[in-house]
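# Breakdown of the fold
As a plain string of letters, each chain reads:
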Amino acid sequence: MLEVEGLTKYYGHKRAVNQVSFRIEQGEIIGLLGLNGSGKTTLLRILAGNLLPTAGRVTVGGVDLLQDPHEVKKNLSFLPETPPLYGDMKVRPYLRFVGRLKGMDRASVRDRLPAIEEQTAIAHVGDEIIGHLSFGYRQRVAIAMALLHEPQLLLLDEPASGLDPVQIVEMRQLIRSLRGNHTVILSSHLLPEISQICDRILMIQDGRIIGEGPEEELAQRFTRKIRVRMQVRGTRAEIEECLRDVPEVEEIEWVREEDGCPGFVLGLSEDVRESISLKLSSRGLGLLEMARTDLDLENTFLRLMLKEEEPS
Ligand code: ADP
């Protein structure tokens, strides 16, 4: 349904999104999880067609976002962290107005409104002024607005931000009720807020997707796996050849090259750094750097899991 390939975004010299690739199937609910500043909003804004990427490709339902943004936008809704609501309008007239803006005719808006009001539990506040509603209700009106034209893809940036725990549970139920009919990506910097709603989680750190899968799988991966960052003087082929028969090496991720020497991160089932360093030396491959990084990832994951304040 959604395919993202090599997406990169620079703001000046600052790289906010770095070679992001993933696929999402129709009807899935995906959590985009990362600390503040990790690139979530930038990524969602690109997917929504509100921001041009520096490089990469996005297709929604087979249509290329960059080549045909109007067609793609008909089929999606993006809800920013602070949704754009007109505070001095009443809820129902506002939704009618939004429906018309989205290209729906009067009759379709009229037919669609009762169902959407029921789904988002706002029917009883239809005649209230938006600015007088509680934050939780305003958020529901925003979701009603996003769902009005029945978009297939819904992008929600930190939808639980600012909600109290009861409202978070209600928001979860609402988003869960969309499963199957809509494809949803929602972002958060706190795992508990999106835990249980999402079929899969994409973990983003410094603009890169560092993990992908159901929550339990990620928890195992980030709390058990040994990761070692390395730089070696030699070619990729020589390094791969050397490490091929080390059973503890589960994956090699190439990261960057410095002074012509490949950099990579090894995923290991056991800490066999010593034997790897000996093996590389015996093949004449110079070891320039070797450092365990799994603890960083573990910390990141734990910080995302716990409701802990982190520096912005
Ligand atoms: P998140 O949504 O995860 O908090 P953002 O996508 O907002 O992350 O930001 C990612 C990085 O890009 C941050 O370092 C942020 O400071 C930077 N950034 C975001 N927007 C801009 C902008 N308009 N100009 C320059 N840098 C930006």
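Since we're looking at a predicted model, the values are computed, not measured. (Residues numbered from 1 in each chain as written. Predicted model: local features only at pLDDT ≥ 70, side-chain atom pairs only at ≥ 80, totals over all residues. Heavy atoms only, no water.)

### Looking at the site of the ligand
Near the ligand the following residues occur: Tyr11, Lys14, Ala16, Leu35, Asn36, Gly37, Ser38, Gly39, Lys40, Thr41 and Thr42. One of the backbone N or O atoms of Ser38 is found 3.1 Å from an oxygen atom in the ligand. The contact in question runs from an oxygen atom of the ligand to an N or O atom on the side chain of Thr41, over 2.7 Å. In the complex, the protein chains occlude 60% of the 560 Å² of accessible area that the ligand would expose alone. Contributions of two or more residues to the shell around the ligand are made by β2 (14-24) and α1 (40-47). A class-by-class count of the residues in the shell around the ligand yields three nonpolar, six polar and two charged. (Near = heavy atom within 4 Å. Polar contact = N/O pair within 3.5 Å; in protein donor to acceptor, adjacent residues only side chain to side chain. Areas by Shrake-Rupley, 256 points an atom, 1.4 Å probe, with all protein chains shown as cover. Helix = DSSP H or I, 4+ residues; strand = E, 2+ residues; numbered from the N terminus. Nonpolar A, V, L, I, M, F, W, Y, C, P; charged D, E, K, R; others polar.)

### A closer look at a nonpolar patch on the surface
Taken together, the side chains of Tyr86, Phe97 and Leu101 make up a nonpolar region of the molecular surface, amounting to roughly 330 Å² of accessible area. Mapped onto the fold, Phe97 is located in helix α3 (residues 91-101). (Patch = residues over 30% accessible without salt bridge, like charges linked within 9 Å, V, L, I, M, F, W, Y side chains within 5 Å. Salt bridge = Lys/Arg side-chain N within 4 Å of Asp/Glu carboxyl O.)

### Quick notes on helix α5 (residues 135-147)
Look at α5: 19 Å from first C-alpha to last across 13 residues, which is about the 18 Å you get at 1.5 Å a residue. Every buried residue of α5 is listed here: Gly136, Gln139, Arg140, Val141, Ala142, Ile143, Ala144, Met145, Ala146 and Leu147. Against the buried residues of α5 lie β6 (76-79), α3, α4 (106-119), β7 (153-156) and α6 (165-176). (Expected span 1.5 Å × (residues − 1). Buried < 20%, exposed > 50% of the residue type's maximum accessible area, 1.4 Å probe, protein only. Contact = heavy atoms within 4.5 Å.)

### Thoughts on unusual backbone geometry
Although it is not a glycine, Glu150 sits at a positive phi angle of roughly 50°. Among the structural elements, Glu150 can be located in the loop between α5 and β7.

### Digging into the domain arrangement of the protein
According to the domain assignment, the protein contains domain 1 (2-214) and domain 2 (224-294). When each unit is reduced to the centre of its C-alpha atoms, the spacing between domain 1 and domain 2 is 40 Å. (Domains from an automatic or database assignment.)

### A look at the side chain of Ser77
For Ser77, the location among the structural elements is in strand β6. When sequence neighbours within four positions are dropped, the list of residues in contact with Ser77 reads Lys102, Ala146, His149, Pro151, Leu153, Leu154 and Leu155.

### Topic: the sheet that holds strand β8 (residues 183-188)
Either a parallel or an antiparallel arrangement is found when strands of a sheet pair, and the pairing is made through backbone hydrogen bonds. Spatially, β6-β7-β8-β3-β9-β10 is the arrangement adopted by the six strands of the open sheet, whose pairing is mixed. This sheet does not close on itself; its edge strands, each paired only once, are β6 and β10 (208-213). Strand-to-strand twist across the sheet, computed as the mean angle between neighbouring axes with direction ignored, equals 15°. Bridge count for β7 against β8 is four bridges, and the pairing is parallel. Bridge pairing links Leu153 to Thr183 in β8. Packing of α1 onto the sheet brings it into contact with β3 (29-33), β6, β7, β8 and β9 (200-205), and relative to β8 it is tilted by some 155°. (Pairing = 2+ DSSP bridges. Axes fitted to C-alpha atoms, helices over the stretch in contact; angles between N-to-C directions.)

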